[in-house]
Structure formats: C-alpha cells, structure tokens
Amino acid sequence: MLQQNNGLWPKKILMASPRGFCAGVERAIEVLERVQNSNPQEQIYSYHQIVHNTHVVRKFEESDVRFVDDIIEIPEGGTVVFSAHGVSPEVRRQTEHRKLNWVDATCPLVEKPHREVKKYADQGYTILYIGHAGHDETMGTMGEAPDHMRLIETVEDARKIQVENPEKLALTTQTTLSLDDTAEILAVLKERFPKMIAPRSEDICYATQNRQDAVKEMVNRGARAIVIVGSSNSSNAHRMREVAERALKAAFFAEASNQKIPAYLIDDVKELFGQESLFHSLPAVGLSSAASVSEDKLQEVVTWFRERGSEIVEEVVVADESKIHFAPPQGLRVSAR
Ligand code: SF4
C-alpha cells in the first residue's frame, strides 16, 4: 500500500542502467537449465556456484542441482557444469580422471585471461595477475600456470613485488575489479616495470565497467545514498558498492572524515526492513544491482521505496547492453577439451 510521503522520505529514485544480469551470467544460467532439461533423470552437479548470487543458486538447488567445491564429491560418470567463473586445468584433469560428462559455462570474457596466461607462460614469462585471492576466477586463471604467476591485490603489493626478470613480464587481470583501483595498481607496475606486456585495456569486462560508470553517474545526478543489490560473495557487487562509496564521499562528504558513507550492499529487500531511518531527509537515492542479480530482486527494492512515498523513478543510462549476448556452447555433452 502506498504511503503519503511525510517530507522526510526521498522523493526520487534513480535507477542505474545497465544493471543486473550480464551476458555471461545469462549464458551460464541458460547452460545449466539446458543441461537439466536434457537430462531430467540425472543428478546434475555444478562445480562452484554457477554465478555468485544466493537467490539464483537457491532456485537451482530447489530444482535439485547440487553445487560442489571439489570434483571428488561427484560420483564417477556424473554430469557437471563448470561455473561462469572458469576452472583451472587441474580441475579439468580431475574431471577427466573421474570420467565425468562436463559442460563449460565459463564466460567467454573470463576465457581471455586464461588464454593469455597460457600463451605467456609457454614463452617463459612471469605473469602478474591483478585479482582477489580465493575468488573462483582467480583460482581458475592462476591455475593455468601456477609456477609462472604472481598475485597482486593492492597498490602496496605492486610497490613491493620482486620478479626475477623484469624483461619477461606480462600482466593480466580479473574481470570484475574496480576500474579506479586497478588503474592505480597498473600505474605503479608500469612505472616499476616499463617493459611489462599489459593488455591495451585491462581485462575488466564491459559489464563491470558499465555498472560502475552508472553508479558514478547516479551520484553526479544527485543520489545521496546508493543501494546495490548483490550477494556478499560477488566481487562485482562489492566493487560497485566501493565505487558508490568513493563517489559519494568525493561529492558530498569530502569534509566529513568520520561520517559513515551511505553506500549499501544488500542481498535482497529484506535487509532494508526496519532501516528506513538510513534514507530520511535525502532528496534522491540511487539503486542498482550486480551482474548476477535478476531484475525482480531490484524491483522489490523499488517497490519498498515507492510504498514509503518515493514518487519519481528516473533511469540513468550510461550504455546500451541490449544487443550483447553470448551463445551457449554447441552440444551440451562434451568429454574432451
Ligand atoms: S561480469 Fe563480465 S566476466 Fe563476469 S560473467 Fe559477466 S560479462 Fe562475464
């Protein structure tokens, strides 16, 4: 039921566009659904969460997909789908060893750094990888050539890293990083290792870039708080919240060093229940969702704001992704790479 705006409640909601599902996530979900549908009698496994979102994962669990973090958990001869974040050659070896049927739902944009790592490792390069330790994508990409790879997570790491031969050094990155943080790290590395081979633009994907740009633009257009819908294990979601925090701080809180910056990451609307005071007296609030979040989860948040008196919903468009689609792999059962 709509409530009268009591004057404290934000009148305007800004909605980031693009937001939510990216092409790689749509493809991974489609692949898993098709594997399920074409093997209705069979137990289907997903190696790691198919995408990093609790709601998507729960829905698949309810239709009997089992998610595993170790190939050993899958009985010999079983059927497994590799998640959107990719897998290392070691996982592929284990899959072959257990004679599993496998289907690869790795996002094509995650495959690119895998190819680069293999190419440079074969040529004897050391490869610096900007990414987050423990993330599925980091483990998959670094697993291509573990002996050749060095992980850089922070500017501090970039300042300290020592390599045997700076003449034979290449760089690649995780796809879902903060553009600003990565640019800082890259600047340090390029200064220290001028001969390092780096991709023309980092391997950060279009979806990550667009979602971060849209968050910044909502702040430019007057959003005084930002709510990002996304799960706590989603790198993409965390980076969006951090970008929001930084943009809000620069625009509205530059003088207030101790003030908590109103940039929130929530898994779903339930986390807002009872939290109305966070938004009191703000003229506008910006909403967006990470690349693994379905639109209905964001719309629940929009409804929550509207029910309390927000009247204007304005789209903030920074890019058009409507024509970007990744086709699923040909044939769903593959037994050799
Ligand atoms: S966020 Fe980027 S790399 Fe990750 S699945 Fe989506 S398109 Fe692919």
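K.L.:
Kindly report on the sheet that holds strand β5 (residues 101-104), identifying the contributing residues and their values.
P.N.:
Reading across from one edge, β3-β2-β4-β5 is the order of the four strands in this open sheet, with parallel pairing throughout. Whereas interior strands pair on both sides, the edge strands pair on one side only; in this sheet they are β3 (66-68) and β5. Going across the sheet, the axis of each strand differs from the next one's by a mean of 30°, ignoring polarity.

K.L.:
Talk me through helix α3 (residues 89-97); I want residue IDs and the actual numbers.
P.N.:
Taken together, the buried positions of α3 are occupied by Pro89, Val91, Arg92 and Thr95. Angularly, the buried residues of α3 cover 160° about the axis, an arc narrow enough to put them on a single face. The exposed set on the far side of α3, more than 90 degrees from its buried face, consists of Arg93 and His97. Following α3 by one or two positions, lysine 99 has its phi on the positive side, about 55°.

K.L.:
Tell me about the pattern of salt bridges, and name the residues and values.
P.N.:
A side chain with one charge can pair with a side chain of the opposite charge if their charged atoms come near. Counted under the stated rule, the structure contains 20 salt bridges. Close ionic contact of glutamate 321 with arginine 211 constitutes a salt bridge, the shortest N to O distance being 2.9 Å. One end of the pair, glutamate 321, is in the segment after β12 (312-317); the other, arginine 211, is in helix α8 (residues 206-220), and 110 residues separate them in sequence. Pair check on accessibility: glutamate 321 and arginine 211 agree, each one buried. With its nearest N and O atoms 3.8 Å apart, the salt bridge here joins glutamate 307 to arginine 308. Linked by salt bridges that have partners in common, Arg19, Glu295 and Glu315 make up one network.

About the cut-offs
Residues numbered from 1 in each chain as written. Predicted model: local features only at pLDDT ≥ 70, side-chain atom pairs only at ≥ 80, totals over all residues. Heavy atoms only, no water. Pairing = 2+ DSSP bridges. Helix = DSSP H or I, 4+ residues; strand = E, 2+ residues; numbered from the N terminus. Axes fitted to C-alpha atoms, helices over the stretch in contact; angles between N-to-C directions. Buried < 20%, exposed > 50% of the residue type's maximum accessible area, 1.4 Å probe, protein only. Arc of directions from axis to C-beta. Salt bridge = Lys/Arg side-chain N within 4 Å of Asp/Glu carboxyl O.

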